[in-house]
Every structure is written in structure tokens, then in C-alpha cells.
2 protein chains.
Amino acid sequence: MMKEILVLGSGMVGSTIAADLSDKHSVTAADKDEYKLIKLKNTYPVKTLKLDIFNKQALTNELGDYDLIVSAVPGFMGYTILKSIIESGKDVVDISFFVEDPFDLNDLALSNNVTAVVDCGVAPGLSNIILGYHYAKEKIRSFKCFVGGLPFARVYPFQYKAPFSPSDVIEEYTRPARIKENNVIVTKPALSQPELLNFNKIGTLEAFNSDGLRSLLKTLDIPDMSEKTLRYPGHLDVIRILRDAGFFSTEDVIVKDIKVKPADLTSKLLFDSWKLGDDEDEFTILLINIETEERGEISYFLFDVRDKQTGFSSMARTTGFTCTAVVNLLAEERIRRKGICPPEYLGMDEGNYEYVLKYLAERNILLEKL
Amino acid sequence: MMKEILVLGSGMVGSTIAADLSDKHSVTAADKDEYKLIKLKNTYPVKTLKLDIFNKQALTNELGDYDLIVSAVPGFMGYTILKSIIESGKDVVDISFFVEDPFDLNDLALSNNVTAVVDCGVAPGLSNIILGYHYAKEKIRSFKCFVGGLPFARVYPFQYKAPFSPSDVIEEYTRPARIKENNVIVTKPALSQPELLNFNKIGTLEAFNSDGLRSLLKTLDIPDMSEKTLRYPGHLDVIRILRDAGFFSTEDVIVKDIKVKPADLTSKLLFDSWKLGDDEDEFTILLINIETEERGEISYFLFDVRDKQTGFSSMARTTGFTCTAVVNLLAEERIRRKGICPPEYLGMDEGNYEYVLKYLAERNILLEKL
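Here's a quick rundown of the structure. None of the values given here were measured: they were computed from a predicted structure. (Residues numbered from 1 in each chain as written. Chains lettered and ligands numbered in written order. Predicted model: local features only at pLDDT ≥ 70, side-chain atom pairs only at ≥ 80, totals over all residues. Heavy atoms only, no water.)

### Observations regarding the packing of aromatic side chains
Using the criterion set out here, one finds 27 aromatic pairs over all chains in the structure. Judged by centre distance (6.4 Å) and plane angle (20 degrees), the ring pair of Y355(B) and Y359(B) falls under stacked. One end of the pair, Y355(B), and the other, Y359(B), are both in helix α13 (residues 350-362), four residues apart, so they sit about a helical turn from each other. Both residues of the pair, Y355(B) and Y359(B), count as buried. Put simply, the rings of F152(A), Y232(A), F283(A) and F303(A) touch in pairs and so form one group of aromatic residues. The positively charged end of R337(B) is found above the aromatic ring belonging to Y345(B), 3.6 Å away from the centroid. (Phe/Tyr/Trp six-rings, centres within 6.5 Å; stacked < 30°, edge-to-face > 60°. Helix = DSSP H or I, 4+ residues; strand = E, 2+ residues; numbered from the N terminus. Buried < 20%, exposed > 50% of the residue type's maximum accessible area, 1.4 Å probe, protein only. Lys NZ or Arg CZ within 6 Å of the ring centre and 35° of its normal.)

### Considering the sheet that holds strand β2 (residues 26-31) of chain B
Residue and element names in this part refer to chain B. Here seven strands make up an open sheet; going across it, the order is β3-β2-β1-β4-β5-β6-β17 and the pairing parallel. Edge positions in the sheet fall to β3 (47-50) and β17 (339-341), since each has one partner strand and no second. When strand polarity is set aside, the average angle formed by the axes of neighbouring strands in this sheet is 20 degrees. Direction of pairing for β2 relative to β3: parallel, over a ladder of four bridges. From the neighbouring strand, A29 faces β3, where its bridge partner is T48. The strands that helix α1 (residues 12-21) touches are β1 (4-8), β2 and β4 (68-71); relative to β1, the one it contacts most, it runs at about 165 degrees. (Pairing = 2+ DSSP bridges. Axes fitted to C-alpha atoms, helices over the stretch in contact; angles between N-to-C directions. Contact = heavy atoms within 4.5 Å.)

### Some details on unusual backbone geometry
Residue and element names in this part refer to chain A. A123 connects to P124 through a cis peptide bond whose omega is 5 degrees. Relative to the assigned elements, P124 resides in the loop between β6 (115-117) and α6 (126-137). Although it is not a glycine, K256 adopts a positive phi angle of roughly 50 degrees. Note that K256 resides in the loop between β13 (253-255) and β14 (258-260).

### Quick look at the interface of chain B and chain A
Contact residues are listed per partner, giving 23 residues for chain B and 23 residues for chain A. Surface buried jointly by chain B and chain A totals about 2000 Å² across both partners, of which 85% is contributed by carbon and sulfur atoms. Where chain B touches chain A, the interface holds two salt bridges. Residue K256(A) is joined to D264(B) by a salt bridge in which the shortest nitrogen-to-oxygen separation is 3.7 Å. Where chain B touches chain A, the interface holds two residue pairs in polar contact (both at pLDDT 80 or more). Of all elements in the fold, only α9 (235-244), β13 (253-255), β14 (258-260) and α10 (262-274) of chain B reach the threshold of two or more residues within the side of chain B that touches chain A. Counting residues per element, the side of chain B that touches chain A draws most heavily on α10(B), which supplies seven residues. Taken together, the residues of the side of chain B that touches chain A sort by class into 16 nonpolar, two polar and five charged. (Buried area = accessible area lost by both parts, 1.4 Å probe. Salt bridge = Lys/Arg side-chain N within 4 Å of Asp/Glu carboxyl O. Polar contact = N/O pair within 3.5 Å; in protein donor to acceptor, adjacent residues only side chain to side chain. Nonpolar A, V, L, I, M, F, W, Y, C, P; charged D, E, K, R; others polar.)

Take a look at the structure:
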């Protein structure tokens, strides 16, 4: 069932999504940045549309022509864009990971008969699909999710490359993490409860609390849930130093009669050193521990590296292909649910769960059951 | 021999100097900041003068009334102020530790028949006096100086308090260090060649190259000389991280259409966390190793803490009292040398060397020979 699909945002993940979907569908990639569009158009059968996505009127004028929308825009504009898409009555898969609560748009989505799949990346995203699958089958005691995207080359002091803007990473590193303990939602400080985990080939990584449970805090009745970000040991220390010294503050500081927000300068300084090079090898690692009443602990492990042939980073692959798998579920009318639909709801349908895993496996993203 | 003495700058060290000298001399303390002057005047028999020291005409108008000048101004204005003092024909003791080469003012000082003692603190300062003393007596193979001023309370991430502006400390941490190896002046990167040293009571400190040899590179013919700064272990790592991430850069960065120098913001952010509280206990530690041809290694050790009675910090005591000892040498006409006179020249006179040590000992600053 070939569809007319509009992919909003042609960054690293958005362009991977557009490229992957162009195989089976008629895809238009929209971005403000013409350079990104030209790059995409030159390699894949993708139509392009230069568009100021954040301009509501301009966006709304375009949406009517498509069957399905993918929103791969930066987080800060994600909620606003999603609202416009829902208002236009179009089904949508969103990977912008905005901080607002998507369920605030649930009534709007229901009244417009829209299916809006949100947080549809790797984690959140694939992790929710896996958890939803088990949740539908059995009683679950606890869920722990560890996820990270890292470069193979460990350059001091950060040993890190950001597949997105440093300002988004800084935001992640300052936002308190909501986790679930004994059926209660508890807020932990950002970067808290570090622990070291050993992985084959990669060695030791450090995990710390991050605010990645999101919809799971509302949708699933599981007593204990946590989500942690994985980084090379040492990264957290550096980040804590910057935070404790005030470099992540978003309050104005007067420097020689000029107002500056330290976080803005920090983001600017880190931008170059955190920029992932086009041909820089990196990996995505995902470890999920699910404790069930009957079967004890079930673990899933995913390790993915950059695809040297296409140049797609593992972060773009794992995020983007989970998204495109779900776009295809929508295209094939396999998702009946309307309203805001976080990925855990999709996983509850065994057929759809298997569809997504097969789709990923065909792209050499192999989820290992430990 | 009571003298009319003008002390320029009433910061932590300047006010300690004025207070100490007011015992025997007629002292006037000058500063732009009236609050500092009032504090001083309320406790010690010191006259005060509200003065914009950096205004050359205003300064020159005042200098004529005094026999002797002490310059305890911030480093960035030190050289300019010293030049004005020399031009006015007044003997001077300087502890501003400016980065310019004082010997550029030697001809001016000689032609004005002025004795200008520069770098007259603890290290540089007392360390030079000690080295000069030995240099006059015997052949010296190497000189190593380790010095630091630290708070007893070790607060993360910096474990440090600056007795002066963070911008001066940042400058110290970025300026390459000139040391002497095999008779050759070699430039080492700032913060380089860290080593751990153990001290009684204090435990382990970390030493790294700093640019503190200054005049010694020119005045004394010693094959190997180095100067290192002492900090708590961990401090250097934090500083390196900030440096490597670009936070010490003095080049403009455009942040949201506004130009900012990262070092300016960093200095501003560190100012509060590095501020030494009025009643905060701190210490100054100085270790000197002198290797002589005949007698092998001779070591000196100095450990000084804040004086709870006067409230003078150890940094103000060790820097200020070395300075006032030398002011008294000048007042008693015991220094015959004219021109720029770094402290190593003073130490070469055994009587003056013993005078300084006795002066310090009377103030409970005890130099221990190991």
C-alpha cells in the first residue's frame, strides 16, 4: 500500500527515515536547510520541499497533500508541530521527543480521528514496544532500560559525540529523572545513581538516571521502572563538574555588561567538539531487563554500529528504522488505535511486535534475547 | 627610621601590608573602594586615600608626598603603576606580579636613582631571597620550588579558593611555564608535568608547572630550575577539562548574536565559588629544594595558616610580611642596589637575609630547614 508520506526535518535521523521509506512509498522530505535536502535528493528517490516547518500556516498549507506524516523535528518545536499535524487530521509518527506531555493532545487526536504515535525511536520507542509486548502477556514486576549512543574513539575530556544538538543533551543532563519505585513515581536528580556495567567488546560503561520513561509512567501498571543513559566512565564526572560550576545554568549572568546564559555558551563551545563526523564510527547499545512474576528476568540486548555502506549512523538507524517500521504498520492499516499512541500500545499486538522486529532484522538491527 | 609610606591597593594583601607597617611608620592606604579603606582605618592607625590608582595623573599627584611606595595592585595594572612610581623617583616594593618584564624599566629606575623591588611576595619573593642567599655562598645545581595557597575545607569540584580574582588564576593556568633545563630556558605547557607530593598533616597534593621563575631565569646562573603550583589532587583534572572544553579561551564566541569571551564568563561563574570567606581557614605551603655542588640537597619548608586573631589569611601574611620586611630594609637604608631589584639580589646579603627571616619569625612565619 504505497502512501504519500511527508517527513518533516531532514537531519541525521529524518533523512535516514526519508531514505528508508522511499523504497516503498512516495516520500517528500521537508526542511528549512536546502543543503540537507539536496544531499538527500541526490542519493534517494525522495522529493524535497524547502519549508519553514515552525511557521504554522506554511506547514498547514502543505499537510493536506499527504496520507501520513513523520515528525523528525528538534525537540523544542516537536509539540507545536505535532498539534498542527493532528489538527490537519493526518496520522503521524513522531520522533521529536518533546518534553511536553503528549496526552494533552489526546482529545484533539481522538476528535480528529488521528493516530499519533509518539516517542517512536529506539529508547523511548523500541524499548516501549518490547515492554508492551510482555505487558500484554504476563504480570511484570520491574523494567530497567539502559541506552546510549557513543563514538568508538574516546576523546577526552568528554568521550562523547552528540547525534543531536548539545543544547538538547544539556537539557537531558539537567532535567530531573522520573522513575517508578514501589508503584510511586519518584523524581531523582539528573545524573544520579550512577552504576558501572560491563559489555562485551565495549567494556565498562557508566549508567545514570535520565528522564526517559515518559509515557510508561502513565500507561503501564508496573511497580518498578527506571531508565538510564549509558556513557563511557569519566563522562559523567566531567558533566557534573560543568553543572556544579554553573555552566549549565539557564539564568542570565552579567559578563562585562552583557547578559549571557551559561548554558548557551556551553552549548556553543561543545557543538564542535561533540559533532559526530560523517564517517565517524559509533554504536548504539540498548539493554532491557524485564522481571516477570512467572518467568523471572528476561533481558534484551541490542548493539548496532554505523552502516559504512549507506553512511547511516547507528543512532539514525535504530531510531529511524523503528519509526519507519511503525510508519509501515500505519500504511498497512495495522494500527487500529486512535489518539495519542505511545509505542507500548503497539507492542501489545503480537503481530505488530513481530512485524517491527522483523523489519529491524531485515536492516541488520538484531535484538538479542539474553 | 619612621617613613611616610603609601600602600597602593587595599585588597586582602594590601591591607595586611598597611596594617603591619602602621606599627612603625606613617602609613597611607589608597584604594578606589572606600569600603575597604574604612574597614582598615577602623582597626589600624592608617590614613586612607580614596584614589583611582589607574589614573596616571591622579596617582602622580599623590606620590610626591611619600618616602616609600608599596604597590599591591592587581596584576593587570602592575607594570603601568610601577612605571609611574619609578618616574616619580620613589623607592618601591611591588607585589602586583605583573606579566611584563620588569627589567624593561631598569634603565628608567637607574636614571631616577630608584630602588624598585619587584615580585616581593612568598613565591616569587621569599623563595628568591632564600635562593639568592645560597647562590652567593655556593655553586647551585638545581632549584625546585613548590607553592600553594589552599583552603582546609575541600569543596568539590574545585577544592580551591582564590585569594585573588579567578581571572588571574585562569591566566596562570593558561600561560606556558618557562623553566630551566640543562642551562636552557624551556617552555612547558601550563598545567604540565603533574606529580604527587605527600605533606604532613595535609596529605597528598598535586604539583604542576607554573610560570613562577620569572626574574630567576635572567638573574641567576643555575642549570636546572622549576616552579610548580600545589593544589589538592583532582583540581588539575577539573581545570584541564574546562581548558580543553574551551572555557578558558579569550577569543570571542558568538552566542545568540552576542560576542562573549568564554574566559570572562568562566571567571564570573568561578568568582563566587572561589571566594575565600573572611573567616575561612586556609594555609600556605612552600617547599624549596636546592641542590648544591658541595652539600647536596638543602630543603626549606614553610607552612602557615590564617591568623584567627587578626583575621589575616596565610596568603596575605606570607606575601604581605615578606613585602613589609623588605620595606623595612629599604626604610633602614639597608638596600644599596638601584634599579629593578628582584628579591634574589636581597638574599645575597646575609644580613638582609637574616633580617627577613627574623622579621617573618616574629610574625610566626617559620621557615623550617629540612
